[in-house]
Amino acid sequence: DPEQQVPEGQFYCYAVTLIDLLGNESPKSPLIGQDQNNCADFQDFEPPDAPVGLSAKLVGEHAELKWHSVEDATKYSVYRAEVIPGSPYPSDTGFWEKVNDGGEFETSIADGIDYTVFTDHSISKVPDNEDEEKDYWYRVRSWDSNNNSSPLSQPVYVFLRDSFPPGKPSLE
């Protein structure tokens, strides 16, 4: 049955025999236990789904990302690209940096939905002026226990803008 679920990690060995038109059967090849070349264990090569519902916001001096937790995912990779304000996200993956080590993961439940939350502590400080402004684009990938990776999520951005009011004017 091609739809039958095969237990992961189970070890299977096969032997082949031929039967002619008269019903005569050949010896099995290879003999069971004689040759391990016809043995295999089955592994899951199907990747988990890509994270969906990704959102990002600036919380104090950190970027907080939130997405729907992926069933079968055992870990996530969070990627960030820094661009000048107003620039689109880079399509070349060479511009994306993995930032897992600069943050922390948590899980939460809201309205019956499991979420994964990542707080990126490695972003620059909030700008003091227009010259320091920048945008961060984020994408997330999920991984399962067999190290199969999902496609990247849709990108989201956080922009760091000068949010401080100008100083008090002096009238002379």
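Look up: the structure comes first, before these words.
First, a word on scope: everything that follows refers to the structure included in this document. What you see is a predicted model, and the numbers here were worked out from it, not measured in a lab.

1. Regarding the overall build of the protein
When you go through the protein residue by residue, the secondary structure sums to zero helices and 10 strands. Walking the protein from its N terminus toward its C terminus, one meets helices and strands in the order β-β-β-β-β-β-β-β-β-β. When burial is assessed residue by residue, the protein has 28% of its 172 residues classed as buried. The long-range share in the protein, meaning contacts at least 24 apart out of those at least 6 apart in sequence, stands at 61%.

2. As for the sheet that holds strand β4 (residues 62-68)
Across the sheet, which stays open at both edges, the four strands sit in the order β3-β4-β8-β7 with antiparallel pairing between neighbours. Taken across any chain shown, the strands that pair with only one partner, and hence form the sheet edges, are β3 (55-59) and β7 (103-110). Across the sheet, the mean angle from the axis of one strand to that of its neighbour is 25°, orientation sign disregarded. As defined by bridge partners, β7 adjoins strand β8 (residues 113-120) across eight bridges and the pair is classed as antiparallel. When the bridges of β8 are listed, Gly103 appears paired with Asp120.

3. Structural notes on the sheet that holds strand β10 (residues 156-160)
Strand order across the open sheet formed by four strands is β6-β5-β9-β10, with antiparallel pairing between neighbours. Each edge of the open sheet is held by one strand with a lone partner, namely β6 (97-98) and β10.

4. Remarks on the nonpolar core
In this structure, Leu65, Trp67, Val78, Tyr138 and Val140 are the most contacted members of the largest nonpolar core, which totals 16 residues. Secondary structure elements with two or more residues in this core: β4, β5 (75-83), β9 (134-143) and β10. Among the nonpolar cores identified, the runner-up in size contains five residues, and Tyr79, Val83, Trp96 and Trp137 belong to it.

5. So, the environment of Glu82
With respect to the helices and strands, Glu82 occurs in strand β5. Residues Glu82 and Glu97 lie 15 residues apart in sequence; the distance between their C-alpha atoms is 8.9 Å. At 3.4 Å, the side chain of Glu82 and the side chain of Lys134 are in polar contact.

Conventions we followed
For every chain, the first residue of its written sequence is number 1, and the numbers climb from 1 along that sequence. In keeping with the model being predicted, local features are shown solely for residues with a pLDDT of at least 70 and side-chain atom pairs are shown and tallied solely at 80 or more, while totals for entire chains, interfaces and linings include all residues. To get the side-chain values, all heavy atoms of the structure are used, and hydrogens and water are removed first. Numbering of helices and strands starts at the N terminus; helices are DSSP runs of H or I of at least 4 residues and strands are runs of E of at least 2. Whether a residue is buried, partly exposed or exposed follows from its accessible area with a 1.4 Å probe, protein chains only, as a fraction of its type maximum: under 20%, in between, or over 50%, in that order. Contact criterion: two residues are considered in contact whenever any of their non-hydrogen atoms come within 4.5 Å of each other. Here, a strand pair is defined by DSSP locating no fewer than two bridges between the strands. Here the axes come from fitting lines to C-alpha atoms, over the contacting stretch only for helices, and the angles between their N-to-C directions go from 0 to 180 degrees. By nonpolar core is meant a set of buried Ala, Val, Leu, Ile, Met, Phe, Trp, Tyr and Cys residues that side-chain atoms within 4.5 Å join together. Residues adjacent in sequence count toward polar contacts only when both atoms are side-chain atoms; beyond that, a polar contact is any pair of N or O atoms within 3.5 Å, and within protein one must be able to donate a hydrogen and the other to accept it.

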